[in-house]
Amino acid sequence: MLIQALNDYYDILAKACNVLPDGYSKVKVHYKVCLTASGQIDCFIKYQEMIEVPSGKGQIKQKWVPREAIMPKRTEKSGIEANIIEHRPQYLFGLNYIEGVFTAEDRTDKAKKSHEALVKSNLKFLEGLDTPVINAYRAFLQNWEPEAERDNEKLLDLGKNYDKSGYVFCLSGRPDELLHEDPLLKEKWERWEATRKQEATGQEYTAQCAISGNIEPIARTHSKIKGVYGGLATGSVLIGYNNPSECSYGLEQAYNSNISEKVMNKYTEALNYLLGSRKHKILLDD
């Protein structure tokens, strides 16, 4: 009943334009990275807003919170996989911030591998695109060398905020023209995403959806729910099958739920919408 209700609620939200278009994700952003035409970091601009929140005993306090940006759909895999137009610092800059020092080294070379994955996938995606902000971002990817940037003054000014923050890109002098909002980039992303989905359709497990009743591709994994009190910071799944004892008829993971990709996207988006606002949540007791 819960999944059905959320599925129906998504349709209401969609009519009111209150949910994301297919193929996009909301990302929390703390800073704009202003690039020169040659791809050098000119400065970081704080991209946050001040809000008032209850602090107990009827008091109100002010706090800075990140803004939300709508970007090409984010990966939810735990391994190294770069998004198209990244927002995560380790991927973008290939550096860790440890005890006040920037370093490209870590036990598993995650920072190095993450940045290399970003450069490879994003340069390939940007082929054929030509606008000032895209060209600046391409130059940044081609020229940024993490080892040589450990003493970068712009990064040092961020300090401990570096690895807790999300980032978007703009061209220096044009802070309102953001890379992920570039019309040519969005147009290519939507074509690329449509092609990817079409190619994947024939490889998916298809069955009758337990919610819609239609014969459709079934979701193998479900998107994460964020904003649940006590849940993981990266989000938690509402439906998941991790143990062999929970699987049957040779099916793995959420194929056992028989919830279609379409319904999964709708119910998770609706629930994340509700949890994304304080007005939709009530905390009882502790």
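Provided above is the structure to which this section pertains.
Residues numbered from 1 in each chain as written. Predicted model: local features only at pLDDT ≥ 70, side-chain atom pairs only at ≥ 80, totals over all residues. Heavy atoms only, no water.

Peer 1: Would you explain the packing of aromatic side chains in this entry?
Peer 2: The description of an aromatic ring pair rests on the distance of the ring centres and on the angle between the ring planes. Scanning the entire structure with this criterion turns up 18 aromatic pairs. Ring geometry for Phe140 against Phe169: centres 5.4 Å apart, planes inclined by 50 degrees, an arrangement best described as tilted. Linking Phe140 in helix 4 (residues 132-143) with Phe169 in strand 8 (residues 167-171), this pair joins segments that are 29 residues apart in sequence. For the pair Phe140 and Phe169, a shared accessibility class is recorded, and that class is buried. One aromatic cluster is present, built from ring pairs that chain together Tyr31, Phe44, Phe93, Tyr97, Phe102, Tyr137, Phe140, Trp144, Tyr162, Tyr167 and Phe169. Taking the ring centre of Trp64 as reference, the NZ or CZ of Lys46 above it sits at 4.0 Å. For the cation-ring pair, Arg67 lies above Tyr47, with the distance from its terminal atom to the ring centre recorded as 5.5 Å. (Phe/Tyr/Trp six-rings, centres within 6.5 Å; stacked < 30°, edge-to-face > 60°. Helix = DSSP H or I, 4+ residues; strand = E, 2+ residues; numbered from the N terminus. Buried < 20%, exposed > 50% of the residue type's maximum accessible area, 1.4 Å probe, protein only. Lys NZ or Arg CZ within 6 Å of the ring centre and 35° of its normal.)

Peer 1: Whenever I open this one, the nonpolar core confuses me. Can you help?
Peer 2: Soluble, globular proteins show a tendency: their nonpolar side chains are buried together. Ranked by internal contacts, the top residues of the largest apolar core, which has 45 residues, are Phe44, Phe93, Tyr137, Phe140 and Tyr167. Top element by residues in this core is helix 4. It accounts for six residues. Grouped together as the second largest cluster of nonpolar side chains are 17 residues, Cys209, Ile239, Val263 and Met264 included. (Core = buried A, V, L, I, M, F, W, Y, C linked by side-chain atoms within 4.5 Å.)

Peer 1: Mind showing me how you'd approach the pattern of salt bridges here?
Peer 2: Once their charged atoms are close, side chains differing in charge can pair, the charge on each being opposite to the other. Counting across every chain of the model gives nine salt bridges. Ionic pairing is found between Glu177 and Arg174, a salt bridge with its closest N-O pair at 3.8 Å. Three or more residues are tied together by salt bridges with common partners; here these are Lys26, Lys28 and Glu68. (Salt bridge = Lys/Arg side-chain N within 4 Å of Asp/Glu carboxyl O.)

Peer 1: Help me understand the pairing of strand 4 (residues 48-56) in this model?
Peer 2: Side-chain positions along a regular strand alternate between the two faces of the sheet. Pairing geometry for strand 4 and strand 5 (residues 59-72), over eight bridges, is antiparallel. Bridge pairing in strand 5 links Gln48 to Pro66. Here strand 4 folds back onto strand 5, and the loop between the two strands holds two residues, one of which, Lys57, carries a positive phi near 55 degrees. (Pairing = 2+ DSSP bridges.)

Peer 1: Mind showing me how you'd approach the layout of surface pockets here?
Peer 2: Where empty space is left becomes clear once a probe the size of a water molecule has been rolled over the atoms. Quantified by volume, the second largest pocket comes out at close to 150 Å³. Residues belonging to the lining of the second largest pocket are distributed by class as follows: two nonpolar, two polar and six charged. (1 Å grid on protein atoms, 1.4 Å probe; cavity = no way out; pocket = protein on both sides within 12 Å on 5 of 7 lines; lining within 4 Å. Points joined across faces, edges and corners; volume = space filled by probe spheres on them. Nonpolar A, V, L, I, M, F, W, Y, C, P; charged D, E, K, R; others polar.)

Peer 1: Please explain the pairing of strand 2 (residues 31-35) as it appears in this structure.
Peer 2: Taken across its five residues, strand 2 has five buried, putting it largely inside the fold. Bridge count for strand 2 against strand 3 (residues 41-46) is five bridges, and the pairing is antiparallel. Of the residues in strand 3, the one forming a bridge with Leu35 is Ile41. Between strand 2 and strand 3, which pair antiparallel and follow one another directly, the connecting turn spans five residues, one of which, Gly39, has a positive phi of 90 degrees. The pairing of strand 2 with strand 8 spans five bridges and is parallel. If you follow Lys32 over to strand 8, its bridge partner there is Val168.

Peer 1: It is not clear to me how the environment of Ala111 should be interpreted in this structure. Could you clarify?
Peer 2: Summarising the element assignment, Ala111 is placed in helix 3 (residues 110-126). The exposure class of Ala111 is buried, given its relative accessible area of 0%. Residues Ala111 and Asn96 lie 15 residues apart in sequence; the distance between their C-alpha atoms is 6.7 Å. Here Ala111 is in contact with Gln90, Gly94, Leu95, Asn96, Ala104 and Asp106, once residues within four sequence places are set aside. (Contact = heavy atoms within 4.5 Å.)

Peer 1: I keep staring at the side chain of Lys266 and nothing clicks. Help me out?
Peer 2: Assignment of secondary structure puts Lys266 in helix 7 (residues 261-275). You can call Lys266 buried: its relative accessible area is 12%. For Lys266, the residues in contact, after removing those within four places along its chain, are Leu6, Asn7, Tyr10 and Asp11.

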